[in-house]
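# Survey of secondary and tertiary structure
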Amino acid sequence: MSDDLVPLEDVTPEYETDEPILYEAKDGIAWITLNRPDFHNVQNSQMTYALDDAFKRAVDDDAVKCIVLKSDAKHFSAGHDIGSPGRDFHSSFDRRLMWYDHANKPGAEKAYIREQEVYLGMCKRWRAIPKPTIAQVHKGCIAGGVMLAWVCDLIIASDDAFFQDPVLQMGFPGLEYFAHTFELNTRIAKEFLFLGERMSAERAYQMGMLNRVVPRAQLADEVLKVAQRIVEQPRLALQLAKQACNHMDTLAGKEAGIDASFGYHHFAHAQNQLVKGDYIAGFDGKKMAEKNKKQAGES
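Description of the structure in this document. Keep in mind the model is a prediction, meaning the values are calculated, not measured.

### Regarding the overall build of the chain
The helix and strand tally for the chain stands at ten helices and nine strands. For 299 residues, the compact-globule estimate of 2.2 N^0.38 gives 19 Å, and the C-alpha radius of gyration of the chain, at 19 Å, lies within 12% of that figure. C-alpha atoms of the chain, sized along the principal axes, occupy 55 × 45 × 40 Å. A burial count over the chain gives 51% of its 299 residues as buried. Long-range contacts, defined here as pairs at least 24 residues apart, represent 72% of the contacts in the chain between residues at least 6 apart. In the structure as shown, the chain presents an accessible area of about 14300 Å², 52% of it carried by carbon and sulfur atoms. With 35 positive and 43 negative side-chain charges, the chain shows a spacing of 4 Å between the two charge centroids.

### Observations concerning the side chain of Asp101
For Asp101, the location among the structural elements is in the loop between strand 3 (66-71) and helix 2 (107-127). Within the structure, the side chain of Asp101 is placed 2.6 Å from the side chain of Ser92, a separation counted as a polar contact. From its side chain, Asp101 meets the backbone nitrogen of Ala103 in a polar contact 3.3 Å long. Those residues in contact with Asp101, other than ones at most four positions away along the chain, are Ser92, Arg95 and Ile113.

### Considerations on the packing of aromatic side chains
The tally for this structure, following the rule as stated, stands at four aromatic pairs. Between the aromatic rings of Phe89 and Tyr279, the centroid separation amounts to 4.8 Å while the plane-to-plane angle is 25 degrees, which identifies the pairing as stacked. Here Tyr279 lies in the loop between helix 9 (254-275) and helix 10 (285-296) and Phe89 lies in the loop between strand 3 and helix 2, a separation of 190 residues in the sequence. Residue class for Phe89 comes out buried when judged on its relative accessible area of 7%. Over the ring of Phe162 we find Arg198; its NZ or CZ atom is 4.0 Å from the centre of that ring.

### Focus on unusual backbone geometry
Backbone geometry at Ala143 places phi at a positive 50 degrees, although glycine is not the residue there. Along the chain, the position of Ala143 falls in the loop between strand 5 (140-142) and helix 3 (144-150). Judged by relative accessible area, Ala143 falls into the buried class, the value being 11%. The residue Ala281 is not glycine, and still its phi comes out positive at about 60 degrees.

### Observations regarding the sheet that holds strand 2 (residues 29-34)
Pairing in this open sheet of six strands is mixed, and the strands run 1-2-3-4-6-9 from one edge to the other. Each of the sheet's edge strands pairs with one partner strand only, and the pair in question is strand 1 (21-26) and strand 9 (212-214). Across the sheet, the axes of successive neighbouring strands diverge by a mean angle of 20 degrees, strand direction being ignored. Pairing analysis gives four bridges linking strand 4 (residues 133-137) to strand 6 (residues 154-158), with the strands arranged parallel. Within strand 6, the residue paired with Ala135 across the bridge is Ile155.

### Considerations on the pairing of strand 3
When you tally the buried positions in strand 3, you get six out of six residues, the bulk of the element. Side chains Cys66, Val68 and Lys70 of strand 3 all project onto a buried face; the interleaved residues Ile67, Leu69 and Ser71 project onto the opposite face, where all are buried too. Strand direction decides the pairing type here: strand 2 and strand 3, joined by six bridges, are parallel. In the strand pairing of strand 3, Ile29 is matched with Cys66. Running through helix 1 (residues 45-60), the crossover from strand 2 to the neighbouring parallel element strand 3 is right-handed. The pairing of strand 3 with strand 4 spans three bridges and is parallel. From the neighbouring strand, Val68 faces strand 4, where its bridge partner is Ile134. Since strand 3 and strand 4 lie parallel, the crossover through helix 2 that links them has a hand, and here it is right-handed.

How each quantity is defined
Residues numbered from 1 in each chain as written. Predicted model: local features only at pLDDT ≥ 70, side-chain atom pairs only at ≥ 80, totals over all residues. Heavy atoms only, no water. Helix = DSSP H or I, 4+ residues; strand = E, 2+ residues; numbered from the N terminus. Rg over C-alpha atoms; globule rule 2.2 N^0.38 Å. Buried < 20%, exposed > 50% of the residue type's maximum accessible area, 1.4 Å probe, protein only. Contact = heavy atoms within 4.5 Å. Areas by Shrake-Rupley, 256 points an atom, 1.4 Å probe, with all protein chains shown as cover. Lys, Arg positive; Asp, Glu negative; His and termini not counted. Charge placed at Lys NZ, Arg CZ, Asp CG, Glu CD. Polar contact = N/O pair within 3.5 Å; in protein donor to acceptor, adjacent residues only side chain to side chain. Phe/Tyr/Trp six-rings, centres within 6.5 Å; stacked < 30°, edge-to-face > 60°. Lys NZ or Arg CZ within 6 Å of the ring centre and 35° of its normal. Pairing = 2+ DSSP bridges. Axes fitted to C-alpha atoms, helices over the stretch in contact; angles between N-to-C directions. Right-handed = clockwise from strand over helix to strand, strands pointing away.

Structure below.
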């Protein structure tokens, strides 16, 4: 073994399902459902690659003109998997982007390479999907869940939805896909990050982060209505309009800023390893959930 490689860690994830993503296509709309309800749809690599498969399936299907990303669990998504039995940080996968395997790499390189693929790279890849995408969000959309919503073209939320990026308590400047100042104005983005508090759907709508907010009982019907209207539009025109809007964001520096912030994020990972002995500062899913609930005044 090369002296800059390390032995693979003997950790086998225990997946609770073989279908972390569900897929259905009907009447020009692909419905992609996050399916780890027992763990509030926290995202491990198994889910990430299954989600990528589902998006590609929708792109390859000429009958599909609009893609909806949703959840049938209690929450939309509670973020990245940092503590379930299915956490697969140490596992190798058949990679989709031009990054080498992370699993046998030492030190800070391991997390940096993995997150280039499964977090930053996948978000950029999904943002560029050449068909309109809608995030159908209810209840918690936290940390990595926010990233999934942000890469979609439209976000339609129920009135009980809330949004949160609480990772500063772990030493990070924010999520890996750092689009905060494009989704919110800079001063509100700083508040969102500095305080780590939940932002209600109504306030997120006022800040321009959401397209529509409706009562929970009307969410599915509202998303269907919007998706059906999109399906009526010409396919190429939809793609070109999306490409033009995304290009304007690129000209405004969105991708360059995200790339720079990703480097800051991994400086924080390395700092945690040096100071705390752990790249996520000793936190796990349970600790994060307990702290978030306490901050929100929940029992």
